[in-house]
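# Analysis of the macromolecular model
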Amino acid sequence: MVRTRFAPSPTGYMHIGNLRTALYAYLTARRNDGVFILRIEDTDQERNVPEALAAIYSGLALAGLVYDEGPGKDGGFGPYVQSERLPIYQKYADIIIEKGAAYRCFCKKEAQTIEDEGPVRRDPCRLLTQDEIEQKLSASESFVVRQRIPDEGSTTFADHVYGEITVENSQLDDQVLLKSDGFPTYNFANVVDDHLMAITHVMRGQEYLSSTPKYNLLYESFGWDVPEYVHLPLIIKEDGSKFSKRLGDPSFEDLVKMGYLPEAIVNYIVLLGWSPGNDQEFFTLKALEEVFSIDRINKSSAAFSFDKLTWLNGEHIRALSLDEFHALAEPYYPEALASFNTRKISELLQVRTEKLPEITEKIGFFIRVPEYDIEMYQHEKSKCDPEVSLEILKLVTPVLESLQTWDNDNLYLTLKDFGKDNGYKTGTVMWPIRTALSGVSVTPGGATALAEILGKEESLNRIQAGIEKLESALR
RNA sequence: GCCCCCAUCGUCUAGGGGACCAGGACGUAGCCCUUUCAAGGCUAAAACUGGGGUUCGAAUCCCCAUGGGGGCACCA
């Protein structure tokens, strides 16, 4: 039974790299009919942010990553919040001290920060005699528990992504397992919990690659089986620097606020470091659950491209039904748009929107025609200029006035025929109308689509205004 | 400083000795379609970091160099 876990510490937001780790862990569980577990790693009391827990839950929910076990969803391996497991770590710390694979260190914190010679520090306390220890203990001196790394030999572990890695034990430091406040460090808690929670595949960022030998040694000291390791490459920026919230890069929540669909973000993020082996790039979470596999994960770090995310977001927007898109677009429609058929507007917008907030700037002209220059009527490709425009607008007015059925199809056929009868290209007829109706050079949809939405009366008013504008300018 | 990891178009990647004068996607440029703009279609420019090996043959295997990244906390 495959069991994976996502083990974030509560920092207040969902980092992009964390989201991907969660995604991969989730997909690995789903693909293998396994169990996906959420564990909260809140062992740093100074860094805990109160509302951060909520951010983790909402972030996972937003991404669609439903966990099978976790806080509030006990599967027999709880509690799933590390700060609620303190006695457990205490117990295993005692066990490992007993085994001789760890020891108490009574050194002062400050003394530890002095730069020592050599890459690895061997703490003097590892040589303390039993008597000395008893003495310090009874004097209730505070201490931390450190792992006793063997002086000789080397440690090898296998990683699904990076292969076999060997490190000399002399390069490993006697890391702290239990802090003086009684809390475990990540280094200890992750090993104890992954074992106790029967995690089969440990998936995490590659920043843990270099400390993994120490975890292996811990597993060995306890006599536990080592889990499968899956270390994930880093996500960086296109200039090669770190992708970090602190440096102003967006978190998952930020991206959603910027108008990216959660499903598009998830789709994009899965491709940063993994590929399906064919040309498919568009994926829903459901589809990924069927095809994701660990052995197609890449080794090298991947740069986050906003351009590609934006494109993929457009793909997801276009894949929506009109109703779904309309629901997402509506919040961007101002009150003043209420008199129009906004569903029709959504229809025009859907294929032209890559990010939701773009909608705002695309629809302003529906409410009011902006001030514009008559140069707007000049258009090479449509063989149009202000003079011709004026002529067409005047000629077309009675035709439109007499039109009974005011919809896109009828308007289009009528105007097309009008052009044919009067020797104009369709584009030459449409350009001035579209311009008069909107006052902008680019609109979602053409002249007739806009006219339909604006309605007969408003359309004719705007055309009349265009005529007056042109007349006064050309006089 | 020490240790570990990585290295294909600008970016994400396919590729796991001959099928590669290296394929796809984003972005960029051009064309087509066309009622402006999109969407869609077509086309173009664009990469195997360098040097040694191994081999009949290397993007693919090995070594070195270079470059990049990560780690060396009572943070995770």
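As a reminder, the structure under discussion sits directly above these lines.
How each quantity is defined
- Residues numbered from 1 in each chain as written.
- Chains lettered and ligands numbered in written order.
- Predicted model: local features only at pLDDT ≥ 70, side-chain atom pairs only at ≥ 80, totals over all residues.
- Heavy atoms only, no water.
- Salt bridge = Lys/Arg side-chain N within 4 Å of Asp/Glu carboxyl O.
- Helix = DSSP H or I, 4+ residues; strand = E, 2+ residues; numbered from the N terminus.
- Buried < 20%, exposed > 50% of the residue type's maximum accessible area, 1.4 Å probe, protein only.
- Pairing = 2+ DSSP bridges.
- Axes fitted to C-alpha atoms, helices over the stretch in contact; angles between N-to-C directions.
- Right-handed = clockwise from strand over helix to strand, strands pointing away.
- Near = heavy atom within 4 Å.
- Polar contact = N/O pair within 3.5 Å; in protein donor to acceptor, adjacent residues only side chain to side chain.
- Nonpolar A, V, L, I, M, F, W, Y, C, P; charged D, E, K, R; others polar.
- Phe/Tyr/Trp six-rings, centres within 6.5 Å; stacked < 30°, edge-to-face > 60°.

As a further point, take the pattern of salt bridges. All chains considered together, the criterion is met by 21 salt bridges. Here glutamate 315 makes a salt bridge to arginine 318, at a shortest N to O gap of 2.6 Å. In this pair, glutamate 315 and arginine 318 are both assigned in helix H11 (residues 306–319), three residues apart and thus about one turn of the helix distant. Note that glutamate 371 and lysine 469 form a salt bridge whose closest N and O atoms lie 3.8 Å from each other. Within this pair, whereas glutamate 371 is found in the loop between helix H14 (358–367) and helix H15 (386–401), its partner lysine 469 is found in helix H19 (residues 456–474), the two being separated by 98 residues in sequence. By relative accessible area, lysine 469 is classed as partly exposed at 22%. Through salt bridges that share partners, Arg5, Arg39, Glu41, Arg85, Asp193 and Asp194 make up one connected network.

So, on to the sheet that holds strand E3 (residues 102–105). Taken in spatial order, the three strands line up as E3-E4-E7 in an open sheet, and their pairing is antiparallel. Single-partner strands in this sheet number two, and they are E3 and strand E7 (176–178). Averaged over neighbouring strand pairs, the angle between their axes works out to 45 degrees when direction is ignored. One ladder, built from four bridges, connects E3 with strand E4 (residues 144–147); its direction is antiparallel. Opposite arginine 104, over in E4, you have valine 145 as the bridge partner.

This next bit is on the pairing of strand E8 (residues 201–205). Extensive coverage of E8 is indicated by the burial of five of its five residues. As defined by bridge partners, E8 adjoins strand E9 (residues 228–232) across five bridges and the pair is classed as parallel. Of the residues in E9, the one forming a bridge with glycine 205 is leucine 232. For the crossover from E8 across helix H7 (residues 212–222) to E9, the handedness is right-handed.

It is worth spelling out the protein's contact with RNA strand B at this point. Taken together, 63 residues form the shell around RNA strand B, and within it Glu281, Arg352, Tyr412, Gly445 and Thr448 come nearest. Among the atoms of RNA strand B lying within 4 Å of the protein, the sugar-phosphate backbone contributes 73%. Contact distances for RNA strand B include 3.0 Å between a phosphate oxygen and a backbone N or O atom of alanine 303. Contact distances for RNA strand B include 2.7 Å between a base oxygen and a backbone N or O atom of glycine 445. Among the elements of the structure, E4, strand E6 (163–168), helix H6 (186–196), strand E11 (302–304), H11, helix H16 (408–422), helix H17 (426–438) and helix H18 (447–454) are those that each provide at least two residues to the surface near RNA strand B. Residue composition of the surface near RNA strand B, grouped by class: 20 nonpolar, 23 polar and 20 charged.

According to the stated counting rule, one finds 20 aromatic pairs in the structure shown. Both rings, one in tyrosine 92 and one in tryptophan 224, keep their centres 5.5 Å apart while their planes meet at 65 degrees; by these two values the pair is edge-to-face. Here tyrosine 92, found in helix H3 (residues 86–98), pairs with tryptophan 224, found in the loop between H7 and E9; they are 132 residues apart in sequence, far enough to count as distant. On the numbers, 6.0 Å between centres and 65 degrees between planes, the contact of tryptophan 274 with phenylalanine 283 is edge-to-face. The same class applies to tryptophan 274 as to phenylalanine 283, namely buried. Every member of this aromatic cluster is reached through a ring pair, and the members are Tyr92, Phe188, Tyr219, Phe222 and Trp224.

As far as function goes, none of this settles anything; it's purely spatial.
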